[in-house]
Amino acid sequence: DNRIVRFLMSMGGTEEVGGYNYIVFPTFAPGVPSHFPRTATLNEVHQSMIATAGPFDFYCDPRQCPDLSPHVGSWMISAGEDHAGCSAWNNHEILAEVVERVPWSLGLLGWLTRHSDSLARRFPHIPSRGETVSSWYLFDFHASSPDLACDLIRFVAAQAREAGVDYCYIPAGSQDDWVKAVRAEVPASFTPIIPYTMMAGWGRGHMPQLKNIYVDIRDL
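So, how was this worked out
Residues numbered from 1 in each chain as written. Predicted model: local features only at pLDDT ≥ 70, side-chain atom pairs only at ≥ 80, totals over all residues. Heavy atoms only, no water. Disulfide = S-S within 2.5 Å. Core = buried A, V, L, I, M, F, W, Y, C linked by side-chain atoms within 4.5 Å. Buried < 20%, exposed > 50% of the residue type's maximum accessible area, 1.4 Å probe, protein only. Helix = DSSP H or I, 4+ residues; strand = E, 2+ residues; numbered from the N terminus. Contact = heavy atoms within 4.5 Å. Pairing = 2+ DSSP bridges. Axes fitted to C-alpha atoms, helices over the stretch in contact; angles between N-to-C directions.

Draft legend 1. How the structure looks around the state of the cysteines. Considering all chains together, one arrives at zero disulfides under this definition. Not engaged in a disulfide, the cysteine Cys86 finds its nearest cysteine sulfur in Cys168; these two sulfurs lie 8.2 Å apart.

Dropping the structure here:
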């Protein structure tokens, strides 16, 4: 929704060619998975992602990154022919997310949750002004069924919570059918979907539309 950037990009000969979404997922009070994930490697999860969600119209290989130190861990679930997996990335040494403003209503709710254990269990952590948000980016998130996607996010959210992380961000394409089920795990008001638009251009006329995009974790 950044109209200024869209205008400047279009002046450079680019056009809208596709997009993806962020799902913001608070880590408070996750449910108990029906199927528990196992620890996996980044490569194992990535290969499973390609097999499940590919082929992609736009793809970059994150394994070529010279510095994989932000990689926190990777997990996979197998249940018969169904499977799910993801990896986690921590950007805290690269990009600090500092809160500039908090609406008064959320500020009041945040104060109440910080002073009430019962409310703290019912609501996600609401950061105060000047606070740095603790978050993980869940990349290569994929699932062959919505149920396993929910099991996966329940487990990873619990792992993140134990590590002091309050929010997970999940990049998702328009074709991912597990998004609705994952969002239903927590109150919708705390799980917004944030759309992003990709702008591109080339010297051959109109740029082809990119319907299935792989979102490179190094760009987030």
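Draft legend 2. Up close: the nonpolar core. Ranked by size, the top nonpolar core spans 28 residues in total, and within it Trp136, Leu138, Phe141, Ile170 and Trp178 carry the most contacts. Looking at this core, the elements with two or more residues in it are strand E1 (15-26), strand E3 (71-79), strand E4 (82-89), strand E5 (135-143), helix H5 (146-162), strand E6 (167-172) and helix H6 (179-183). The residues touching Leu138, leaving out its near neighbours within four places in the chain, are Ser87, Ala88, Ile153, Val156, Cys168, Tyr169, Ile170 and Pro171. Judged by nonpolar contacts, the second largest core, of 25 residues, contains Val24, Phe56, Tyr169 and Leu210.

Draft legend 3. Just the sheet that holds E4, in detail. Spatially, E2-E3-E4-E5-E6-E1-E7 is the arrangement adopted by the seven strands of the open sheet, whose pairing is mixed. Two strands close off the open sheet at either side, each with one partner strand: strand E2 (38-40) and strand E7 (193-200). Within this sheet the neighbouring strands show an average axis-to-axis angle of 30°, counted without direction. Note: E1 against E6, six bridges, orientation antiparallel.

Draft legend 4. Geometry of the environment of Val156. Here Val156 lies in helix H5. Placed 81 residues apart in sequence, Val156 and Trp75 show a C-alpha to C-alpha distance of 8.2 Å. When neighbours within four sequence positions are excluded, Val156 is seen to be in contact with Trp75, Cys86, Trp136 and Leu138.

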